[in-house]
Every structure is written in C-alpha cells, then in structure tokens.
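# Residue-level structural notes
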Amino acid sequence: MKIALIGYGKMGRMIEQIALERGHEIVSIIDVDNIEDFDSPAFASADVAIEFTNPTAAFANYQRAFAHNVKVVSGSTGWMQEHKAEVERMCTEGGQTLFWASNFSIGVAIFSAVNRYLAKIMNGFPQYNVEMEEVHHVHKLDAPSGTAITLAEEILNDLDRKDKWVKGFQHAADGTESGSNEVAANELPIASIRRDEVPGIHSISYDSEADKITITHDAHSRKGFALGAVLAAEYTKNHTGLLTTSDLFKF
C-alpha cells in the first residue's frame, strides 16, 4: 500500500525501513522543513499516513491529513488533554480515521493484557499497594509517558481502591529530582525517570507486608514500536473511525 510518513526522526526512519521490507511504498515524507507537502498530490495519494512527531504538532498534523481525507496512524502522545473531544468528533461526525496508540509494540499490547488481568485479581487483595515506574531516554518531552498513563488507566478501571493516577518521584533529564511516591491511599503514583538513551521500561509493582509482585516491559530498541505502527497501518487501510491497539490485537 501507499504510505506517507509524518515525522522523519529515528522512529520515522525505522518505520520507513520496515514498511519497505513488508512491500509497501513510501509516497511522501513530511518533516518540519516541508510542511507544505501536506498539500501535494503525492501526500493525497497515500492510503495511510504514519505520524510520529511531538505533542505540540500532532493535532495540527491530523487536521492537515484529514483535509485530504488521508487516514492517520499516530503514536504521538501528550495532545489528548486539549484535543481529545475534537479528534473524536472528526472521526465520528467528520468521517475521518485515526488509529492512535500510546505504544504500538506487540510486547506492550501483551503486557497491557497481563496488566489488566493482574489488576482484576488484585482487586480482591487490598493488602497490596500498587505503584508504577517508567524510564525513558533524555529526549522524551512528556512525563509520565503516554504508555504509563494508558497502563495506569487500565489499573484504575479494575482496582476499586484507586481512583486517580498522580505524578510520583521524578528524575529529570538534567538530573534534578522532585516528587514522591508517598501519596494518598486512593492515588496511583507514576515515577518517571529520564536517563541515557533508554527506549522505554515500564514496571508495575504490587507490594504487601509479605511480598512484592512486579511485572516489567523492557524495550530493547524502537523496532517493536515501528513494526507495530506498520501493522496498524495495514489494519487501518481497511477500517474506519477512531481505532486503537485493542482493535488490532484481540486479547
């Protein structure tokens, strides 16, 4: 199929490589220096655009793609708080298609299913207190990560004793530290650590006086995210509306 790339950083280049390996054609590559190419015939010819940019650019990129009725697969996080309702409207009343996920990794999709199942079990064992920690490279702008927020919201859905997530201990890229995991009983703290070139580590711990249970997903590289994004694009070509990984991975 014909794919347009929006954002040509490390993720964009890896997505390009995997898409070509899977027999797809890259018809347009848009980055910060050629935004005008959204209005090109090449971009309009794409079956799907894959967008990995940043929280400040993502929503405008969706609007530009939708103006040409190009479906979008996006892994950009941090835009939802301001624009979620408008994007939902564009994908329902407006007839546009967005496949959005905080994380496209197949491993994270499996980890998410385990997370949901564990939270359901732990709902019956109130002696266990839950915390989360996410570690990412120093270039990541948002904290906590979109993946951590998604995992936290899954826990809140199934764990009656927690009704909100909050920022916990924070270790910033410049080494400064703030915050604490000592929070109210109804709160789920997310610790965020920025160091080196870590692709992404997410750990969820249930700690009691007797023992501690921890599940962890540790990404070795961005390759798993890139493959998942291409699989999502293949799915999106033949589906419409507001889509996510639970549509693609049925477990």
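Below or above, wherever it landed, is the structure these notes cover. Model, not experiment: these values are computed from the prediction. (Residues numbered from 1 in each chain as written. Predicted model: local features only at pLDDT ≥ 70, side-chain atom pairs only at ≥ 80, totals over all residues. Heavy atoms only, no water.)

## Concerning the pairing of strand β11 (residues 212–218)
Here strand β10 (residues 201–207) pairs with β11 via 7 bridges, running antiparallel. Pairing of S205 across the sheet is with T214, part of β11. Linking β10 back to β11 in an antiparallel pair, the connection comprises 4 residues. (Pairing = 2+ DSSP bridges. Helix = DSSP H or I, 4+ residues; strand = E, 2+ residues; numbered from the N terminus.)

## Observations regarding the side chain of E187
Tracing the sequence through the fold places E187 in strand β9 (residues 187–194). Contact partners of E187, with chain neighbours within four places excluded, come to K162, K164 and V166. (Contact = heavy atoms within 4.5 Å.)

## Remarks on the pairing of strand β2 (residues 25–30)
Looking at chain direction, strand β1 (residues 2–6) and β2 are connected through 5 bridges and run parallel. Its bridge partner lying in β2, K2 is registered against E25. Regarding topology, helix α1 (residues 10–21) serves as the crossover connection from β1 to the parallel β2, and that connection is right-handed. (Right-handed = clockwise from strand over helix to strand, strands pointing away.)

## Observations regarding the sheet that holds strand β3 (residues 48–51)
Pairing within the open sheet is parallel, and its 6 strands lie in the order β2-β1-β3-β4-β5-β12. This sheet does not close on itself; its edge strands, each paired only once, are β2 and β12 (242–243).

## Quick word on a nonpolar patch on the surface
There is a patch of nonpolar side chains on the surface, built from I106, I110, V114 and F251 and spanning about 330 Å² of accessible area. Examined against the element boundaries, F251 turns out to sit in the segment after α8 (245–248). (Patch = residues over 30% accessible without salt bridge, like charges linked within 9 Å, V, L, I, M, F, W, Y side chains within 5 Å. Areas by Shrake-Rupley, 256 points an atom, 1.4 Å probe, with all protein chains shown as cover. Salt bridge = Lys/Arg side-chain N within 4 Å of Asp/Glu carboxyl O.)

## Quick word on helix α4 (residues 80–92)
E86 marks where α4 bends most, by close to 25 degrees. Among all positions in α4, only V87, M90 and C91 are buried. In this fold, the buried residues of α4 make contact with α3 (58–66), β5 (98–100) and β12. (Bend = angle between axes of the 7 residues up to and from the residue. Buried < 20%, exposed > 50% of the residue type's maximum accessible area, 1.4 Å probe, protein only.)

## Digging into the sheet that holds strand β8 (residues 177–178)
Overall, mixed pairing links the 6 strands, which are arranged β8-β7-β9-β6-β10-β11 in an open sheet. The open sheet has two edge strands, β8 and β11, and neither has a second partner. As paired elements, strand β6 (residues 129–136) and β9 share 5 bridges and run parallel to each other. Considered in β9, the bridge of M132 is made with I190. Most of the contacts of helix α5 (residues 106–122) go to β11, to which it runs at about 165 degrees, and overall it touches β10 and β11. (Axes fitted to C-alpha atoms, helices over the stretch in contact; angles between N-to-C directions.)

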